[in-house]
Amino acid sequence: MFWLGFLIIFPLAAGLILLAVKNDLLRTPVVKLSAAVICAASIALLVKSYPSGPVYFPAEFPGADRIMFAVELAIAGYIVFCAIKFKRPLTLVLIGLQTLAMLLLEFTAKGKLHAEHNLFIDNFSVIMALIIGIVGTLICVYAIGYMRDFHEHFRKEVTDRRRSFFFINFVFLSAMFGIVFSNNLLWLYFFWEITTVCSFVLIGYKKNGESIRNSFLALDLNLLGGLAFAAGIIYLHFHSGTIELDKVLSMGKAGVLLPVALLCFAGMVKSAQLPFSPWLTGAMVAPTPVSALLHSSTMVKAGVYLILRFSLLLQGTFCGIMIAFVGGTTFLVASFIAMTASDAKKVLAYSTIANLGLIVLCAGVGTYEAVWAAILLIIFHALAKCLLFLCVGVVEHKIHSRDIEDMSGLVVSMPRMSVMMQIGIAGMFLAPFGMLISKWAVLRALVDYNPLLAIFVVFGGAATLFFWVKWMGKLITVMEPKTGQEETVSRSEWVPLYSLSFLTIAICGLFPAVSHGLIDPYIKVIYGKVVSMGQGNITIMLIMLGMVCLFPLSFINLGKKVKVADSYLGGANAGSSIRFQGALGQVKEAQMQNYYLGKHDAEVHLLKFGSFACAGLILIMFIILR
Amino acid sequence: MKNLPLILAYVFLAPFVGGLLAGIDRKISARMQSRIGPPLFQPFYDVLKLLEKENLVARRSQNLYIIFYLLFMVFTGGLFFAGGDILLVIFAFTLAAIFLVLGAYKASSPYSFIGAERELLQMMAYEPAVIFTAIGMYMVTKSFFVSDIAAFRTPLWQYLPGIFLSFVFILALKLRKSPFDLSSSHHAHQEIVRGITTEFSGKALAMIELTHWYETVLVMGIVYLFFTPGVLFAAAMTLFVYFFTILVDNTFARVKWQLAVNSCWIVTIVLGIANIIVLFLLKR
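**A short note on the overall build of chain A**
Then, in step 1: When helices and strands are tallied, chain A shows 24 helices and five strands.
Then, in step 2: The C-alpha atoms of chain A give a radius of gyration of 24 Å, which matches the 25 Å a tight globule of 626 residues would have.
Then, in step 3: Seen through its principal axes, chain A has C-alpha atoms that stretch 85 × 55 × 45 Å.
Then, in step 4: For chain A, buried positions account for 57% of its 626 residues.
Then, in step 5: Of all intrachain contacts in chain A linking residues separated by at least 6 positions in sequence, the fraction that spans at least 24 positions is 80%.

Here it is, written out as structure tokens:
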């Protein structure tokens, strides 16, 4: 109990201190220290709560409800202020409806809104807390160096508001801990709204036209999700008489499917499923640590976390199938779009959307195998994707471009960075690394349930392979070697990068232990069964991991017993491997560009198609449920 | 480790079988083109000769990728013939193939770069059909293990005709045959510069050829799975399928990548998925 409260309160306190600290020299140690404390506390939580089933805490704080309500109203006030300032009537309508709904609930149910247990913890919460506590804080440490560079780079355009930047980051961490520990749905909703408003402020950090537009897009869509959330809670309160997660889960499918569908709708918005994905791709205008923190490893995971909590209720229902199809379509369409993009951050954004789709697919299926695969996906994706985001952030600052085509030869100009990127990319799709283990588990879960859903995974997976390998290939293709672009990368950036690279590899070796110690007990409590990948298969995976790790070692032998010659250019080489004698005696330079399949507007068409399909599926789901 | 003999047999004999198949291929192709053709053992002579050549590279690290290409291909085949999990075999296969692609990228020459891109397109084109083959086999035999699939009492093609046809369709990609020999042709029907292997010579090229033999035996092993348990019948059918790809190879010209990817996916969707839907409905 102590650690739960500590993890929710401490980041908030650290954030408040950071709000007061003006000096950059003083801020750095405060951020590092707080990050270390949060990280240690989340590990302490693991140690303390291990090994036990779910534990529920009453966590009665006098006046907590009233404080939360006041904060909610204050947030609503802030949003109304912004909406009026920037003339956004839609935002005004949404926040108005939402506040009205909550006021209605508060005053009609006066006194009856009591939850027996406000907080709880089980293995799934612990896993989420570890991700937030380790990956989230590493991103905050990275942000120290990154934001310094960022403000040097945009000295004129962007005013330095680093104090509020770090404040919001830590408040966000605190809210994330709140989400994964809340058993009272009103509390969950409260923390949920805080993450929404945090993302709104952080996306609009640059305060230029584009970022303000995109921050309002994110806000509008997430308020829509929040509205569904509020509606779900009100429905639950009046029809089932409970606002507690565990009570809802133990009620059986019959009565609660509609409110659960509403909550899952909120989850799908938050995890950027089609047709709500534009807020996440728009959010890429924010500084890279924000993209990494909110949109790859933590906030979007809150959405899938919520849906996964209800997976037992969704299993075998029409509603579950529809959610699974939305996830599957999202995976397929987003993977195809990622194939046509050359902007690194866009590729990462769409690949995030795709992987969230895969998790939603699993949650909708809701069998024990699928949920097991989904939790693995959450862990592996958080690490590898965060690593990639942070790498792209540094590279963007150094080469002043985030186009994958400009990353050619990075293996020479920024060797360490390119190796880390390759680790991240390998972690995203290649055997025997994390995401592939999950994809394998997903396939096995689907063939037992409904092989039609496997179609999405198989074709989407083929596209995934294509866009990751061509990125990796671009990194190692060397045209004209440039050296020494990574000396100026600061230590606060290196440390998180090294840690994440290490974790990405280590988690693949440790995954049997993670599965056995944390995921299996959780699945067992809910379904009474555990998943087995087969001892032999795990051994084979580990052997493969060992073999892949040998690959860097083989570079000891680099360049021995070989003779370097110019490459073939279809004409006489002009003194190098990339220049040749063209027609009329001109010296021409060879150019190599990746395939981006599809026309320039492929993204728009695919997005339109996917959005219509998914919107239709969601609509059908609610019509049938009604 | 009761399958150790089979693994060892694969590791040591597959190059000979694969090389021999390549020799037969060249002989038959030659006869189809009214030529006499090289001796049956010509592929072995070629590789032995390559081994004596100087190690010429465009980039110093490119050959390291090829070593791992060979290593993982042998590993994949060993896993298959040991009766391992067929999904794992497919993933290991992908890993091996990616090392070849990365090697070609590393060489940093325009021709090998285009070869690498095309190889990726090919992988994208054939992967769905291969995974559906595994899924189909699982739906019939209730096991992902090759040993269980091979021991199934009735030949699988009777349950999986659509999947079998889609697998034969993408076989041309796996064996680098026309009409889908986009990244590098097994026989130089129509190209002057040889795609993905452009910058590889000497030992590295010999290794690529050797790996291809391993690959051929592995792929034919999957074809064999469709016709077990009768050994003679299965072997005869496998050889017939091999002959069929040679026939197709000599009948068609290379197509553009758009047609290659589209046709593979359409065949997979129409034949493979229809097959799976029927199985799924029958099972219920």
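Having seen it, we continue.
**Some details on the overall build of chain B**
Then, in step 1: When you go through chain B residue by residue, the secondary structure sums to ten helices and one strand.
Then, in step 2: Along chain B, helices (α) and strands (β) appear in the sequence α-α-β-α-α-α-α-α-α-α-α when read from the amino end.
Then, in step 3: The C-alpha radius of gyration of chain B comes to 19 Å, within 12% of the 19 Å expected for a compact globule of 284 residues.
Then, in step 4: Seen through its principal axes, chain B has C-alpha atoms that stretch 60 × 45 × 40 Å.
Then, in step 5: Expressed as a percentage of the 284 residues in chain B, the buried residues total 56%.
Then, in step 6: Once local pairs closer than 6 in sequence are excluded, the contacts in chain B between residues at least 24 apart make up 76%.

**Some points on the domain arrangement of chain A**
All names here are of chain A.
Then, in step 1: As far as domains go, chain A holds domain 1 (1-309) and domain 2 (357-551).
Then, in step 2: Distance between the C-alpha centres of domain 1 and domain 2: 25 Å.
Then, in step 3: Listed per partner, the contact involves 32 residues of domain 1 and 30 residues of domain 2.
Then, in step 4: For the side of domain 1 that touches domain 2, the secondary-structure elements that each account for two or more residues are helix 5 (123-153), helix 12 (288-297) and helix 13 (299-309).
Then, in step 5: No other element matches the 15 residues that helix 5 contributes to the side of domain 1 that touches domain 2.
Then, in step 6: A per-class count over the side of domain 1 that touches domain 2 returns 19 nonpolar, ten polar and three charged.

**Side note on the environment of Leu87 of chain B**
Then, in step 1: Considering the arrangement of structural elements, one finds Leu87 of chain B in helix 4 (residues 86-107).
Then, in step 2: Exposure remark for Leu87 of chain B: the 21 C-beta atoms within 10 Å place this residue in the buried category.
Then, in step 3: The spatial distance from the C-alpha of Leu87 of chain B to the C-alpha of Ile131 of chain B is 7.3 Å, given a sequence separation of 44 residues.
Then, in step 4: Ignoring any residue separated from it by four or fewer positions in sequence, one finds Leu87 of chain B in contact with Trp440 and Leu443 of chain A together with Ala134 and Phe144 of chain B.

**Observations regarding the packing of helix 19 (residues 415-429) of chain A against helix 22 (residues 491-527) of chain A**
All names here are of chain A.
Then, in step 1: As a packed pair, helix 19 and helix 22 sit with axes 10 Å apart at the nearest point and diverge in direction by 35 degrees. Seen along the crossing, helix 19 lies across helix 22 with a hand that is left-handed. Facing Met420, Ile423, Gly424 and Gly427 of helix 19, the residues of helix 22 in contact are Leu497, Ser501, Thr504 and Ile505.

**Description of unusual backbone geometry**
Then, in step 1: Residue Pro275 of chain A is bonded to the preceding Leu274 of chain A through a cis peptide linkage, with omega at 0 degrees.
Then, in step 2: Locating Pro275 of chain A in the fold gives a position in the loop between helix 10 (253-270) and helix 11 (278-282).
Then, in step 3: Positive phi, normally seen in glycine, also occurs at Ser108 of chain B, with a value near 55 degrees.
Then, in step 4: Mapped onto the elements of the fold, Ser108 of chain B is located in the loop between helix 4 and helix 5 (110-141).

**A look at the interface of chain A and chain B**
Then, in step 1: Contacts between the two partners involve 48 residues from chain A and, on the opposite side, 53 residues from chain B.
Then, in step 2: Elements supplying a minimum of two residues to the side of chain A that touches chain B: helix 20 (434-449), helix 21 (451-476), helix 23 (535-553) and strand 3 (563-564) of chain A.
Then, in step 3: In terms of residues, the side of chain A that touches chain B owes the most to one element, helix 21 of chain A, which gives 15 residues.
Then, in step 4: For the side of chain A that touches chain B, the per-class residue count stands at 35 nonpolar, ten polar and three charged.
Then, in step 5: Where strand 3 of chain A meets strand 1 (residues 56-57) of chain B, two bridges bridge the pair, whose relative direction is parallel. Bridging from a neighbouring strand, Val564 of chain A pairs with Val57 of chain B of strand 1 of chain B.

**Some remarks on helix 8 (residues 202-225) of chain B**
Because an α-helix completes one turn every 3.6 residues, residues spaced three or four positions apart along the sequence face the same direction.
Then, in step 1: Between the first and last C-alpha of helix 8 of chain B there are 35 Å, a value that for 24 residues agrees with the 34 Å anticipated at 1.5 Å per step.
Then, in step 2: For helix 8 of chain B, the tally of buried residues reaches 21 of 24 residues, placing the bulk of the element in the interior.

**What to know about the nonpolar core**
Buried together is how nonpolar side chains tend to be arranged in soluble globular proteins.
Then, in step 1: The biggest cluster of nonpolar side chains holds 356 residues, and the ones touching the most others in it are Cys362, Ala374, Leu383, Leu387 and Cys391 of chain A together with Ala92 and Cys264 of chain B.
Then, in step 2: The element best represented in this core is helix 17 (residues 368-399) of chain A, accounting for 24 residues.
Then, in step 3: The residue makeup of this core includes at least three contributed by each of domain 1 (1-309) and domain 2 (357-551) of chain A.
Then, in step 4: When sequence neighbours within four positions are dropped, the list of residues in contact with Leu383 of chain A reads Val135, Gly427, Leu500, Leu503, Thr504 and Ile507 of chain A.

**A word on the packing of helix 5 of chain A against helix 6 (residues 162-181) of chain A**
Helix packing for two helices is described by the angle between their axes and how far apart those axes are.
Residue and element names in this part refer to chain A.
Then, in step 1: Put simply, helix 5 and helix 6 touch, their axes get as near as 9 Å, and they point 175 degrees apart. What the angle tells us is that helix 5 and helix 6 run roughly antiparallel. Facing helix 5, whose interface residues are Ser125, Met128, Ala129, Ile132, Gly136, Cys140, Ala143 and Met147, helix 6 presents Arg162, Phe165, Asn169, Leu173, Met176, Phe177, Val180 and Phe181.
Then, in step 2: Along the lines of polarity and charge, the residues of the contact of helix 5 with helix 6 split into twelve nonpolar, three polar and one charged.

**With respect to helix 7 (residues 185-203) of chain A**
Then, in step 1: With 19 residues, helix 7 of chain A extends 27 Å between its outermost C-alpha atoms, agreeing within 8% with the 27 Å of an ideal straight helix rising 1.5 Å per residue.
Then, in step 2: The buried count for helix 7 of chain A comes to 19 of 19 residues, which makes it a mostly enclosed element.

**A short note on the confidence of the model for chain B**
Then, in step 1: Across chain B, pLDDT averages 91, with 96% of residues at or above 70.
Then, in step 2: Complex prediction metrics read pTM 0.95 and ipTM 0.94.

**Remarks on the environment of Ala204 of chain B**
Residue and element names in this part refer to chain B.
Then, in step 1: Locating Ala204 in the fold gives a position in helix 8.
Then, in step 2: For Ala204, a count of 27 C-beta atoms within 10 Å gives the class buried.
Then, in step 3: As a C-alpha pair, Ala204 and Leu70 span 134 residues in sequence and 10 Å in three-dimensional space.
Then, in step 4: In contact with Ala204, not counting residues within four places along its chain, are Asn63 and Ile66.

**So, the environment of Thr108 of chain A**
Residues and elements named next belong to chain A.
Then, in step 1: Along the polypeptide, Thr108 turns up in helix 4 (residues 89-108).
Then, in step 2: On the neighbour-count criterion, Thr108 (12 C-beta atoms within 10 Å) is exposed.
Then, in step 3: Considering only alpha carbons, one finds Thr108 and Ala230, 122 residues apart in sequence, at a separation of 14 Å.

Thresholds applied
- Each chain has its residues counted from 1, following the order in which its sequence is written.
- Whichever chain is written first is A, and whichever ligand is written first is 1; the rest continue in order.
- Reporting of local features is limited, given that this is a predicted model, to residues whose pLDDT is at least 70; pairs of side-chain atoms are given and counted only at 80 or more, and all residues count toward the totals for whole chains, interfaces and linings.
- Helix numbers and strand numbers start at the N terminus; a helix is a DSSP run of H or I with at least 4 residues, a strand a run of E with at least 2.
- Only the C-alpha atoms count toward the radius of gyration. The rule for a globule is 2.2 Å times the residue count to the power 0.38.
- For every residue, the other C-beta atoms within 10 Å of its own C-beta are counted; 20 or more classify it as buried, 12 or fewer as exposed, and values in between as partly exposed. C-beta atoms are placed from the backbone.
- Two residues qualify as being in contact provided that their C-beta atoms, derived from the backbone, are within 7 Å of each other.
- Domain extents, as shown, originate in an automatic or database domain assignment.
- By the convention adopted, Pro, Cys, Tyr, Trp, Phe, Met, Ile, Leu, Val and Ala count as nonpolar, Lys, Arg, Asp and Glu as charged, and the other residues, Gly among them, as polar.
- A fitted line through C-alpha atoms represents every axis, and for helices the fit uses only the stretch in contact; the resulting angles, taken between N-to-C directions, go from 0 to 180 degrees.
- Each crossing gets its hand from how the near helix is turned against the far one by less than a right angle, where anticlockwise is left-handed and clockwise is right-handed.
- Strand pairing is assigned whenever DSSP identifies at least 2 bridges connecting the two strands.
- Residue count minus one, scaled by 1.5 Å, sets the expected span of a helix.
- Structurally, a nonpolar core is described as a collection of buried Ala, Val, Leu, Ile, Met, Phe, Trp, Tyr and Cys residues joined by way of C-beta atoms within 7 Å.
- Throughout, the term roughly parallel applies to angles under 35 degrees, roughly antiparallel to angles over 145, roughly perpendicular to angles from 65 to 115, and oblique to all others.
- Across the chain, each position has a pLDDT score giving the predictor's confidence in that residue, from 0 to 100.

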